[in-house]
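Geometric and topological summary
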Amino acid sequence: MWQRHLAAALFATLAMTGIAHADQLADIKARGTLVCGTQNASEPYAFPDAATRKIVGFDVDVCSAIAKGLGVKLEHRALSTDARIPELKTRRVDVLAAAVAWMPARAAQVDFSDQYFVAPIRVLVRADSPVQTLDQLAGKKIAASEGSSSAAVSVTRLPDSNLLTFHDISSAYLALQQGKVEGLVAGQLILARFANEAAVKGGQQYRLLAKPVFEERWGVVMNKNEPALLAAVNKILVDYDKSNGLQESFDKWLGSKSVYKFTRDYKVEPIKVQ
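1. Some details on the overall build of the protein
Within the protein one finds 10 helices and 11 strands. The principal-axis extent of the C-alpha atoms belonging to the protein is close to 80 × 40 × 30 Å. Nonlocal contacts in the protein, meaning residues at least 24 apart in sequence, comprise 71% of its contacts between residues at least 6 apart. A distance of 1 Å separates the average location of the 33 positive side-chain charges in the protein from that of its 28 negative side-chain charges.

Listed below in structure tokens is the structure:
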């Protein structure tokens, strides 16, 4: 009798510490469905197609590749930025391919797969600015959105510049337009949109400095202590890259076939802490 009580107590203890848990990969395969979360309304990563209203984009393609690699159906779930990790932690989604950049605080809560995307943080300047390199921003005013990762990295990566933060990215861009700052620090995508829109409208033009201030590295995110799922996702991402599927998706949404014309110079590999 006492052996049964001891075994029950031990199991309860293990369950409470998280050591005993279900194998999520086995659960996904038994269910026959992968629930993959992306950000909502985040073009070109995950957004509603104007014609079909179906959610499409670069991250959605990653979700599809993982489901296909696992041999299960995809159930896509669009999430707000703030809801991404809480939805994962409560297991309402199995994984996230949701523009989640590796950060120490996040890595303490969840596990990241190998990187499938690298998102540079860069500086936008006026086309007629004499500034050509990051070093030439020393002593000059730069703008960033308050509370953004761009503002945070500017403090450490551009310490000799005078950082001014604004309530949102539009206000920061306005400061650049009005000549109140020499450069705008933000994600490459939003800066490219600003430059493209200005080119269409005419008038003041803008350009991106070549060297990134920082590179955010995105991985597929899952709950901790799921080694089988992590290994499976990493293998699928490597195979997705080798088959040229990742490059084709990049070209469609961000590269040569998109309005952005970005080039991909990263590969699927473990995320390296910068």
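2. Considering the packing of aromatic side chains
Using the criterion set out here, one finds 13 aromatic pairs in the structure. For the pair F58 and Y116, a centre-to-centre distance of 6.1 Å together with 35° between the ring planes defines the contact as tilted. Here Y116 lies in strand 6 (residues 110-126) and F58 lies in helix 3 (residues 58-70), a separation of 58 residues in the sequence. In terms of burial, F58 and Y116 fall into one category: buried. Over the aromatic face of Y266 sits the side chain of R264, whose NZ or CZ is 4.8 Å from the ring centroid.

3. A short note on the pairing of strand 11 (residues 214-223)
Moving residue by residue along a regular strand, the side chains alternate between the two faces of the sheet. Here strand 11 lies mainly inside the structure; eight of its 10 residues are buried. Here strand 6 runs beside strand 11; their pairing, made up of nine bridges, is antiparallel. When the bridges of strand 11 are listed, V110 appears paired with N223.

4. Let's talk about the pairing of strand 9 (residues 183-187)
Counting buried positions along strand 9 yields four of five residues, so the element is predominantly enclosed. Bridge analysis of strand 6 against strand 9 gives four bridges, and the strand direction is antiparallel. Each bridged residue has a counterpart across the sheet, and for I121 the counterpart in strand 9 is G187. Looking at chain direction, strand 7 (residues 141-145) and strand 9 are connected through two bridges and run parallel. Bridging from a neighbouring strand, I142 pairs with G183 of strand 9.

5. Things to note about the nonpolar core
One finds L34, F58, L70, Y116, F117, V220 and L254 to be the most contacted residues of the largest nonpolar core, which totals 42 residues. Among the elements of the structure, helix 2 (24-31), strand 1 (33-39), helix 3, strand 6, helix 8 (188-201), strand 11, helix 9 (227-242) and helix 10 (245-253) are those that each provide at least two residues to this core. Considering every element that reaches this core, the biggest residue donor is helix 3, with seven residues. Setting aside chain neighbours within four positions, we find F58 in contact with P44, Y45, Y116, F117, L246, S249, F250, W253, L254 and Y266.

6. Focus on the state of the cysteines
Enumeration according to the criterion identifies one disulfide in this entry. With a sulfur-sulfur separation of 2.1 Å, C36 is cross-linked through a disulfide to C63. Between C36 and C63 the disulfide shows an S-S torsion of about -65°. By sign, it is left-handed. Separated by 27 residues along the polypeptide, C36 in strand 1 and C63 in helix 3 bring together distant segments of the chain.

7. With respect to the pattern of salt bridges
Tallying each qualifying case throughout the model produces 10 salt bridges. Among the salt bridges present, the one from R217 reaches E215, with a minimum N-O distance of 2.9 Å. A salt bridge links R264 to D241; the nearest nitrogen and oxygen atoms lie 3.0 Å apart. Pair noted here: R264 is in the segment after helix 10 and D241 is in helix 9, with a separation of 23 residues, a long-range link.

8. Focus on helix 7 (residues 169-177)
An α-helical segment advances 3.6 residues per turn. Residues three or four places apart therefore align on the same side. Among all positions in helix 7, only A172, Y173, A175 and L176 are buried. Burial along helix 7 is one-sided: seen end-on, the buried residues are contained in an arc of 150°. Where the residues of helix 7 are buried, they touch strand 6, strand 7, strand 8 (162-166), strand 9, helix 8 and strand 10 (206-208). Among the residues of helix 7, the N-terminal cap falls to D168, whose side-chain oxygen and the backbone nitrogen of S170 are separated by 3.3 Å.

Parameters at a glance
Residues numbered from 1 in each chain as written. Predicted model: local features only at pLDDT ≥ 70, side-chain atom pairs only at ≥ 80, totals over all residues. Heavy atoms only, no water. Helix = DSSP H or I, 4+ residues; strand = E, 2+ residues; numbered from the N terminus. Contact = heavy atoms within 4.5 Å. Lys, Arg positive; Asp, Glu negative; His and termini not counted. Charge placed at Lys NZ, Arg CZ, Asp CG, Glu CD. Phe/Tyr/Trp six-rings, centres within 6.5 Å; stacked < 30°, edge-to-face > 60°. Buried < 20%, exposed > 50% of the residue type's maximum accessible area, 1.4 Å probe, protein only. Lys NZ or Arg CZ within 6 Å of the ring centre and 35° of its normal. Pairing = 2+ DSSP bridges. Core = buried A, V, L, I, M, F, W, Y, C linked by side-chain atoms within 4.5 Å. Disulfide = S-S within 2.5 Å. Salt bridge = Lys/Arg side-chain N within 4 Å of Asp/Glu carboxyl O. Arc of directions from axis to C-beta. Polar contact = N/O pair within 3.5 Å; in protein donor to acceptor, adjacent residues only side chain to side chain.

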